Amino acid sequence: MRDQWIIWKNFENNKLERACDHHACYLQGILDSQFHSVQALKTEENPHFVLETVTVFCNDADNGIAQMTRYLEGPVVDFTNLTGLSHFLRGSSSSIGGIRVALACRDLRRASEANNKQGCIEGMARLKHEYNSLKEGLNNISQYMLCDTLSCLYWIRLYKCVL
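The following refers to the structure shown. (Residues numbered from 1 in each chain as written. Predicted model: local features only at pLDDT ≥ 70, side-chain atom pairs only at ≥ 80, totals over all residues. Heavy atoms only, no water.)

A word on the overall build of the chain
What the chain contains, in helices and strands, is six helices and zero strands. Shown N-terminal to C-terminal, the secondary structure of the chain runs as helices and strands in the order α-α-α-α-α-α. Within the chain, buried positions represent 33% of all 163 residues. Within the chain, residue pairs in contact and separated by at least 24 positions form 67% of the contacts whose partners lie at least 6 positions apart. Of the roughly 9,800 Å² that the chain leaves accessible, carbon and sulfur atoms contribute 56%. (Helix = DSSP H or I, 4+ residues; strand = E, 2+ residues; numbered from the N terminus. Buried < 20%, exposed > 50% of the residue type's maximum accessible area, 1.4 Å probe, protein only. Contact = heavy atoms within 4.5 Å. Areas by Shrake-Rupley, 256 points an atom, 1.4 Å probe, with all protein chains shown as cover.)

Next up, the structure:
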């Protein structure tokens, strides 16, 4: 039973660290209150809603940023498509609460609408930086949520074995 207590205590300490990561994302301005709204949509029928939403967002953002980079690095900058993708990514990042990514997308879009290649290069660098910060924060939060779910399953199984 002592080993089980040690495992539980280690898990609780890890949970606390991950909760601090979650709170840090708010304090650093990486996430805003919209993320709370996304979390509120989790239900018993769909307990993995937040994890699924984060996964879809990150996949779409990875693909969008790669495509925007190609538009910017081509022999002729495709400002029209760059504008469209930056607008799309701004909306999806706002929906998930990624405020700094949304602001970087806004600035990139403005530079693209002005056909300002240097402004777009600088905006793209900022967007990539902000997205990497957001992605890291969301990854930490997702791991916390996944560990919390797995922990419940572990302790239910352990409890059944003790009975």
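Additional details are given in the paragraphs that follow.
A look at the side chain of Thr69
Residue position: Thr69 is located in helix α3 (residues 49-73). Take Thr69: its relative accessible area is 13%, and that puts it in the buried class. Ignoring anything within four residues of it in the chain, the contact list for Thr69 reads Met124 and Lys128.

A few points about the environment of Ala104
Here Ala104 is to be found in helix α5 (residues 99-113). Residues Ala104 and Tyr131, spaced 27 residues apart in sequence, show a C-alpha to C-alpha distance of 9.0 Å. In this structure, Ala104 is in contact with Arg126, Leu127 and Glu130, ignoring residues within four places of it in sequence.

Here we look at empty space enclosed by the protein
This model, assessed by the stated rule, comprises one cavity of 30 Å³ or more. Taken as a whole, the largest cavity encloses approximately 40 Å³ of empty space. At five residues, the largest contribution of residues to the lining of the largest cavity is made by α3. Grouping the constituent residues of the lining of the largest cavity by class yields six nonpolar, two polar and one charged. (1 Å grid on protein atoms, 1.4 Å probe; cavity = no way out; pocket = protein on both sides within 12 Å on 5 of 7 lines; lining within 4 Å. Points joined across faces, edges and corners; volume = space filled by probe spheres on them. Nonpolar A, V, L, I, M, F, W, Y, C, P; charged D, E, K, R; others polar.)

Notes on the pattern of salt bridges
Summed over all chains, the structure comprises five salt bridges. A salt bridge links Arg109 to Glu113; its shortest N-O distance comes to 3.1 Å. Of this pair, Arg109 and Glu113 both sit in helix α5, four residues apart, which is roughly one turn of the helix. Using a relative accessible area of 48% as the deciding quantity, one classes Glu113 as partly exposed. Connected via shared salt-bridge partners are Arg106, Asp107 and Arg126. (Salt bridge = Lys/Arg side-chain N within 4 Å of Asp/Glu carboxyl O.)

Topic: the packing of α3 against helix α4 (residues 79-96)
At a minimum axis separation of 10 Å, α3 and α4 run at an interaxial angle of 160 degrees. Considered as vectors, α3 and α4 are oriented roughly antiparallel to each other. Our pair here, α3 against α4, has a crossing hand that is left-handed. Residues Thr53, Val54, Phe57, Ala61, Gly64, Ile65, Gln67, Met68, Tyr71 and Leu72 of α3 pack against Asn81, Leu82, Leu85, Ser86, Leu89, Ser92, Ser93 and Ile96 of α4. (Axes fitted to C-alpha atoms, helices over the stretch in contact; angles between N-to-C directions. Parallel < 35°, antiparallel > 145°, perpendicular 65-115°, else oblique. Left-handed = near helix turned anticlockwise from the far one by under 90°.)

Take it as geometry only, folks, not as evidence of what the structure does.
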